[in-house]
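Remarks on the overall topology
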Amino acid sequence: SETWFDASKFFLGDEFDSTMNYIFRDAVLDYANGGDAHRLVANLEEMREAYPPQTFDALMNLLSTHDTARSLHVFGDVAGEASPEQVALAKRKLLLAVFFQMTYPGAPAIFYGDEVGVTGGPDPMNRGTYPWADLGGHPDNALLADFRRLTRLRHDLPVLRHGTLEAPLYVDAHVVVLARRDADTVAI
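These remarks concern the structure in this document. (Residues numbered from 1 in each chain as written. Predicted model: local features only at pLDDT ≥ 70, side-chain atom pairs only at ≥ 80, totals over all residues. Heavy atoms only, no water.)

1. Some words on the pattern of salt bridges
Throughout the structure, instances matching the rule amount to nine salt bridges. Salt-bridge contacts for D114 lead to R70; the nearest nitrogen and oxygen are separated by 2.7 Å. Of the two residues, D114 sits in the loop between β4 (107–109) and α6 (141–156) while R70 sits in the loop between β3 (60–62) and α4 (71–74), which places them 44 residues apart along the sequence. A salt bridge links R127 to D123, with the nearest nitrogen and oxygen atoms 2.9 Å apart. For R127, a relative accessible area of 40% puts it in the partly exposed group. For D123, a relative accessible area of 38% puts it in the partly exposed group. (Salt bridge = Lys/Arg side-chain N within 4 Å of Asp/Glu carboxyl O. Helix = DSSP H or I, 4+ residues; strand = E, 2+ residues; numbered from the N terminus. Buried < 20%, exposed > 50% of the residue type's maximum accessible area, 1.4 Å probe, protein only.)

2. Describing the layout of surface pockets
The computed volume of the largest pocket comes to approximately 310 Å³. Taken together, 16 residues make up the lining of the largest pocket; nearest its centre are F99, T103, V176, L178 and I188. Only α5 (84–103) and β7 (176–177) provide two or more residues apiece to the lining of the largest pocket. The leading source of residues in the lining of the largest pocket is α5, at four residues. Grouping the constituent residues of the lining of the largest pocket by class yields 14 nonpolar, one polar and one charged. (1 Å grid on protein atoms, 1.4 Å probe; cavity = no way out; pocket = protein on both sides within 12 Å on 5 of 7 lines; lining within 4 Å. Points joined across faces, edges and corners; volume = space filled by probe spheres on them. Nonpolar A, V, L, I, M, F, W, Y, C, P; charged D, E, K, R; others polar.)

3. Focus on a nonpolar patch on the surface
A contiguous nonpolar surface patch, about 490 Å² in accessible area, is contributed by L169, Y170, V175, V186 and I188. Within the secondary structure, V186 sits in strand β9 (residues 185–187). A relative accessible area of 40% places V186 in the partly exposed class. (Patch = residues over 30% accessible without salt bridge, like charges linked within 9 Å, V, L, I, M, F, W, Y side chains within 5 Å. Areas by Shrake-Rupley, 256 points an atom, 1.4 Å probe, with all protein chains shown as cover.)

This is the structure we're talking about:
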């Protein structure tokens with residue numbers, strides 16, 4: 001389904017199996033954009049407590065969608081207005097968010113173009129075309145390599161795909177340390 005709110009009442013076995021996880025999106029983007037890690041953990045833990053485990057593990061954890069401003073835009077890469085320094089910082093924030101996305105339970109969902117630096121504000125600016133190089137576009141291949149490295153991390157470590165999420169090990173205003181466990185394997 002596509003819900004922008006706590007959908008726990010729909011996960012009782014007779015309606016939804018999963019949803020686009022806007023709660024995850026909002027919490028992770030806020031954190032990666034300089035927000036308090038306590039707020040991130042509180043929002044995600046509240047969701048984890050409200051959703052059945054099988055649903056929680058199948059949530060579509062997204063950062064950008066067809067209905068929202070792209071993550072790079074949220075982080076400050078406003079096309080045509082951002083300085084090179086602002087663009088570089090926005091990309092570092094995006095990679096922090098993607099790292100979190102790839103290590104958190106659920107099904108990571110990458111909106112086409114995020115992996116090569118497509119930016120855009122509110123709908124319809126977020127639906128820009130993919131910058132195919134053979135058609136004159138300029139995909140950010142360095143960003144693509146970073147996305148591939150992070151998605152490969154999830155692929156190569158089964159604990160990141162189906163390990164259980166432990167209670168947060170440490171949280172302060174800037175840092176959150178989580179652990180995933182799969183039998184004897186732990187990822188921190």
